[in-house]
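Fold and contact review
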Amino acid sequence: MYNAKLDVRKLVASALFMALGLVLPFLTGSNPAIAKVLSPMHIPIFLCGMACGWKYGLAVGIITPLLRSFLFGMPALMPNAVGMAFELGTYGLVIGLTYAIFRKKGIVGIYVSLIMAMLAGRIVWGLISPLTYGLAGDEFSFAIFLAKGFTNQIPGTITTLIIVPLIMVALLRTGLVDDAINR
């Protein structure tokens, strides 16, 4: 059964998450150390996928880094924004699909979905990076994949594993997000 009211809610929520993905990186300024800890563009994508579903999470994940690159010049289009579009699109897709399956498990379902999405996004980023780095004239190796994709991201991963479940639980408890919006 088609529900136009629900689609409008998802569209508005997705626009809010995209806006957050565009604006939150300004909190880190030009300090890459803070950006690694907060992963400010990633968090809204995870929330969008859980709150609005995989289609919206995928779209917002792809569009946000590219739009931010075109509007503000950061991240650089190649290799960063293009690679992030694949990575964040995967985050939104995977977390939307897995949360739809595991949402009845409560906080455990949030963590399972989040961890699966994080791993999938990093793998997709690693698969696309040889192409994006190559087109940008940069080198990409397995050691760079491990360093940039995992080791350097440990602070951001920990922060995401703390912040996203807290926000999602708060959204669910306040009724701003419910099971109906995620269908």
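These remarks concern the structure in this document. Because the structure is predicted, anything quoted here is derived from the model rather than measured.

About the criteria used
Residues numbered from 1 in each chain as written. Predicted model: local features only at pLDDT ≥ 70, side-chain atom pairs only at ≥ 80, totals over all residues. Heavy atoms only, no water. Helix = DSSP H or I, 4+ residues; strand = E, 2+ residues; numbered from the N terminus. Core = buried A, V, L, I, M, F, W, Y, C linked by side-chain atoms within 4.5 Å. Buried < 20%, exposed > 50% of the residue type's maximum accessible area, 1.4 Å probe, protein only. Expected span 1.5 Å × (residues − 1). Salt bridge = Lys/Arg side-chain N within 4 Å of Asp/Glu carboxyl O. Contact = heavy atoms within 4.5 Å. Axes fitted to C-alpha atoms, helices over the stretch in contact; angles between N-to-C directions. Left-handed = near helix turned anticlockwise from the far one by under 90°. Nonpolar A, V, L, I, M, F, W, Y, C, P; charged D, E, K, R; others polar. Parallel < 35°, antiparallel > 145°, perpendicular 65-115°, else oblique.

1. With respect to the environment of F70
For F70, the position within the fold is in helix α5 (residues 54-72). Separated by 62 residues in the primary sequence, F70 and V8 place their C-alpha atoms 26 Å from one another.

2. Comments concerning the nonpolar core
In this structure, F17, F46, L47, M50, C52, V164 and M168 are the most contacted members of the largest nonpolar core, which totals 29 residues. The biggest single contributor to this core is helix α4 (residues 42-52), with 8 residues.

3. Re helix α9 (residues 154-174)
With 21 residues, α9 extends 30 Å from end C-alpha to end C-alpha; this agrees with the ideal 30 Å at 1.5 Å per step. Among the residues of α9, those classed as buried are G156, T159, T160, V164, P165, M168 and L171. Downstream of α9 by one or two residues, G175 has phi in the positive range, about 85°.

4. Remarks on the pattern of salt bridges
If you walk through the whole model with that rule in mind, you get 1 salt bridge. Salt-bridge contacts for E87 lead to R122; the nearest nitrogen and oxygen are separated by 3.2 Å. Of this pair, E87 sits in helix α6 (residues 77-102) while R122 sits in helix α7 (residues 107-135), and the two are 35 residues apart along the sequence.

5. Overview of the environment of L176
With respect to the helices, strands and loops of the structure, L176 is situated in the segment after α9. Judged by relative accessible area, L176 falls into the exposed class, the value being 57%. For the pair L176 and I128, spaced 48 residues apart in the sequence, the C-alpha separation amounts to 35 Å. Ignoring anything within four residues of it in the chain, the contact list for L176 reads R9 and L171.

6. Re the packing of α4 against α6
Packing of α4 against α6 brings their axes to within 7 Å, and their N-to-C directions diverge by 35°. Helix-helix and strand crossings are classified by hand; for α4 and α6 the assignment is right-handed. Residues H42, I45, F46, G49 and M50 of α4 touch α6, and the partners they reach there are M84, E87, L88, Y91, G92, I95, G96 and Y99. Looking at the contact of α4 with α6, its residues break down into 8 nonpolar, 4 polar and 1 charged.

7. Thoughts on the packing of α7 against α9
A pair of packed helices is captured by two measures, namely the crossing angle of their axes and the spacing between those axes. In contact at an axis separation of 10 Å, α7 and α9 are set at 140° when each is read in the N-to-C sense. Regarding the angle of α7 to α9, the classification is oblique. The crossing of α7 and α9 is right-handed. Within the contact between the two elements, α7 uses I107, I110, Y111, L114, I115 and M118 and α9 uses T157, T160, L161, V164, P165, M168 and V169. Considering only residue class, the contact of α7 with α9 consists of 11 nonpolar, 2 polar and no charged.

Function cannot be inferred from these measures alone, as they are strictly geometric.
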